[in-house]
Amino acid sequence: MKQKNLNVVIAGGGSTYTPGIIQAVLNNRDVFPVSKITLYDIDADRNEDMRLIIAYMLKQQKHQGIELIATLDPEEAFVGCDFVFSQIRVGGLTMREQDEKIPLKYGLVGQETCGLGGFAYGLRSIRGLLGLVAYVQQYAPEAWILNYTNPETLIAEAVRRKFPNAKMLNACDMTISIEETMARNFGYDRNNWIAQYYGLNHFGWYTSIYDKSLERDIMPELIQKLRGTPMKIASFNKGDQSWQDAWNMLSKTLQYFPEYLPNNYLEYYFFPNIVVENTDPNYTRANQVMDGRLKNTQEMVKKIRQHTDGAVLNFDFGEHGQYIVDMATSILNDSHQRFMLIVPNYGSIPNLRADAVVEVPAYVGRTGAEPIAMRQPINDFHKGLMEAQNAAEKLLVDAYFEHSYQKALQAFTLNQTVSSADKAKQVLDEMMIANKEYWPELS
Ligand code: NAD
Ligand code: G6P
Ligand code: MN
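Only a predicted model underlies this, so the values are computations on that prediction, with no experimental measurement involved.

**Student:** Account for the coordination of the manganese ion (ligand 3), with residues named and values stated.
**Tutor:** Angles between donor atoms at a metal ideally measure 109.5 degrees for a four-coordinate tetrahedral arrangement and either 90 or 180 degrees for a six-coordinate octahedral one. The protein atoms donating to the manganese ion (ligand 3) are Cys172 (SG) and His202 (NE2), with metal-donor distances spanning 2.2 to 2.4 Å. Here Cys172, found in the loop between strand S6 (168-170) and helix H7 (174-186), pairs with His202, found in the loop between strand S7 (193-200) and strand S8 (203-211); they are 30 residues apart in sequence, far enough to count as distant. For the pair Cys172 and His202, a shared accessibility class is recorded, and that class is buried.

**Student:** Break down the packing of helix H5 (residues 115-139) against helix H14 (residues 380-402) for me, with residues and values.
**Tutor:** Taken N-terminus to C-terminus, the directions of H5 and H14 make an angle of 55°; their axes are 10 Å apart at the nearest point. The angle between H5 and H14 places the two elements in the oblique class. Note on packing geometry: the crossing formed by H5 with H14 is right-handed. In this structure, H5 uses Phe119, Leu123, Ile126, Arg127 and Leu130 to contact H14, whose residues at the interface are Ala392, Glu393, Leu396, Val397, Tyr400 and Phe401. Its residues assigned to classes, the contact of H5 with H14 comprises nine nonpolar, no polar and two charged.

**Student:** I'd like a rundown of the site of ligand 2, residues and numbers included.
**Tutor:** Near ligand 2, the surroundings consist of 13 residues, among which Arg96, Asn150, Asp173, Arg285 and Arg293 are the closest. One nitrogen or oxygen atom from the side chain of Asn150 is found 2.8 Å from an oxygen atom belonging to ligand 2. When the free accessible area of ligand 2 is taken as 390 Å², the share hidden by the protein chains comes to 90%. Per-element accounting of the shell around ligand 2 gives the leading share, three residues, to helix H12 (residues 285-305). Of the residues in the shell around ligand 2, the class split is six nonpolar, two polar and five charged.

**Student:** Can you lay out the site of ligand 1 for me, pointing to particular residues and giving the numbers?
**Tutor:** Around ligand 1 lies a shell of 25 residues, among which Ser15, Asp41, Arg46, Glu112 and Tyr121 are the nearest. Within the side chain of Arg89, one N or O atom sits 2.9 Å away from an oxygen atom of ligand 1. Contact distances for ligand 1 include 3.3 Å between a nitrogen atom and a backbone N or O atom of Ala171. Taken by itself ligand 1 offers 870 Å² of open surface, and the protein chains cover 93% of this.

**Student:** Account for the side chain of Ser404, naming residues and giving values.
**Tutor:** Mapped onto the elements of the fold, Ser404 is located in the loop between H14 and helix H15 (405-414). Given a relative accessible area of 11%, Ser404 falls into the buried group. Residues contacting Ser404, with those up to four places away along its chain left out, are Ala399, Leu442 and Ser443.

**Student:** Go over a nonpolar patch on the surface, please, and point to the residues and values.
**Tutor:** A cluster of nonpolar side chains, contributed by Tyr256, Phe257 and Phe381, occupies part of the molecular surface with about 290 Å² of accessible area. With relative accessibility at 49%, the residue Tyr256 sits in the partly exposed group.

**Student:** Could you give me a rundown of the pattern of salt bridges, with the residues and numbers involved?
**Tutor:** As enumerated under the stated definition, the model contains 26 salt bridges in all. Of the charged contacts, one joins Arg190 and Glu319 as a salt bridge, the two residues approaching to 2.5 Å between their closest N and O atoms. With Arg190 in the loop between H7 and S7 and Glu319 in helix H13 (residues 319-332), this residue pair connects regions lying 129 residues apart in the sequence. Judged by its relative accessible area of 11%, Glu319 is buried. Put simply, Lys295 and Asp291 hold a salt bridge, and the shortest N to O gap is 3.6 Å. Residue Lys295 and its partner Asp291 are both found in helix H12; the two are separated by four residues, about one turn of the helix. Among the residues examined, Asp291 registers a relative accessible area of 40% and is labelled partly exposed. Overlapping salt bridges, with partners in common, bring together Glu157, Arg160, Arg161, Arg353, Asp355, Lys394, Asp398, Glu402 and Lys407 in one network.

Calculation notes
- Residues numbered from 1 in each chain as written.
- Chains lettered and ligands numbered in written order.
- Predicted model: local features only at pLDDT ≥ 70, side-chain atom pairs only at ≥ 80, totals over all residues.
- Heavy atoms only, no water.
- Donors = N, O, S within 2.8 Å, 3.2 Å for Na, K, Ca; no water.
- Helix = DSSP H or I, 4+ residues; strand = E, 2+ residues; numbered from the N terminus.
- Buried < 20%, exposed > 50% of the residue type's maximum accessible area, 1.4 Å probe, protein only.
- Axes fitted to C-alpha atoms, helices over the stretch in contact; angles between N-to-C directions.
- Parallel < 35°, antiparallel > 145°, perpendicular 65-115°, else oblique.
- Left-handed = near helix turned anticlockwise from the far one by under 90°.
- Contact = heavy atoms within 4.5 Å.
- Nonpolar A, V, L, I, M, F, W, Y, C, P; charged D, E, K, R; others polar.
- Near = heavy atom within 4 Å.
- Polar contact = N/O pair within 3.5 Å; in protein donor to acceptor, adjacent residues only side chain to side chain.
- Areas by Shrake-Rupley, 256 points an atom, 1.4 Å probe, with all protein chains shown as cover.
- Patch = residues over 30% accessible without salt bridge, like charges linked within 9 Å, V, L, I, M, F, W, Y side chains within 5 Å.
- Salt bridge = Lys/Arg side-chain N within 4 Å of Asp/Glu carboxyl O.

Right, here's the structure in full:
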């Protein structure tokens with residue numbers, strides 16, 4: 001593996017997350033020496049807008065020796081590349097809006113990655129990701145793909161079936177965001193933490209958080225604090241009420257189940273009624289993102305094009321970008337840092353089926369991920385929830401590969417945000433029409 005002059009491709013270059021990721025790349029040039037950044041997308045306008053922003057960043061921060069290109073051509077993008085950071089969204093925010101709004105019409109959770117919205121997105125996203133992996137295998141078989149594209153478990157399951165040897169890590173920023181937010185709210189340094197966590201993606205629990213400087217497990221005291229007072233949004237997503245709502249719900253979850261610290265996304269499975277009640281079916285998270293992050297990005301581009309004086313850059317620089325760059329650095333330097341990764345189980349959680357895709361701590365080095373083994377069975381409550389979710393996810397991936405309406409209906413019915421097969425069918429049928437351009441044909 002090359003140790004310098006690295007060539008990094010951002011797949012989904014036009015994403016509003018790109019500036020944050022590139023900022024992390026630029027901040028880490030000493031350990032991750034980049035000499036070429038390629039923005040790869042299928043949308044020429046968004047990719048070019050982002051190229052302008054990144055070019056502005058490079059100039060403003062006086063970075064020398066980095067070539068920047070934006071392309072729609074996979075061959076131009078991937079030949080010679082070392083790392084691909086993937087963050088595509090098949091169908092864009094317009095289809096995210098459908099994922100959220102269609103289930104809500106039937107009184108069900110409408111969410112990007114959880115519930116039936118996540119399943120609809122999954123059936124779109126798998127196709128995009130398999131296409132991307134195929135390109136990388138064709139043009140840069142030695143390159144590592146670090147994937148953020150959602151819905152992560154479905155993607156990981158599908159890629160594993162089609163490309164079992166792909167050099168790919170699947171990661172989610174949620175655990176690191178939870179940890180960072182807790183650390184900031186309650187006055188800890190998360191760099192001292194060794195976290196134990198298990199679950200499926202957006203569906204898991206911490207079982208301990210050992211603080212090396214305090215020399216004790218601080219999870220019980222964190223739970224105590226969180227049960228009393230919800231966390232305040234910290235560092236990124238500032239002023240974003242929907243993230244504040246998520247932290248409030250995390251505290252609520254702990255009032256019911258105080259033994260382990262849950263991933264905030266479990267709110268959609270434990271309290272679907274409350275979530276639906278608190279959601280405006282005509283203005284969902286996709287609308288907030290379009291009116292927030294997307295508009296901000298367009299504003300930046302406008303200012304750059306108009307050569308506006310004064311502050312131009314306005315983007316969140318949180319854990320999201322740093323986390324993916326840390327993973328790449330850990331591969332490059334074989335430094336075996338610890339990350340939460342989405343990997344095939346194979347014994348990590350001893351009493352869960354071996355071929356489930358799970359999210360657990362893993363050490364990352366030159367040969368990829370080395371997940372840890374829990375060595376202790378998980379409890380029946382978590383196991384039951386995870387088994388149902390995992391079976392639903394497996395059925396959905398079966399539906400994708402087999403073009404099976406029946407399997408899709410089973411997956412939709414088994415999803416724990418769904419109260420009846422009737423509703424599952426109504427949503428599936430409406431989603432099939434809305435996703436005609438993107439889903440495999442189901443029959
Ligand atoms: P977005 O729609 O704003 O941007 C995605 C970009 O991908 C767009 O520019 C689009 O044109 C491009 N794209 C779509 N299909 C493509 C394809 N086949 N090939 C190349 N490019 C393609 O979406 P966003 O809100 O910026 O989110 C991007 C992705 O990152 C989503 O999948 C989102 O769920 C994911 N995400 C994951 C995490 C995580 O923790 N894993 C965190 C944040 C975002
Ligand atoms: C977190 C999750 C991601 C998810 C994102 C949505 O980062 O880990 O998986 O895509 O939140 O955030 P948004 O601001 O787009 O609603
Ligand atoms: Mn995530």
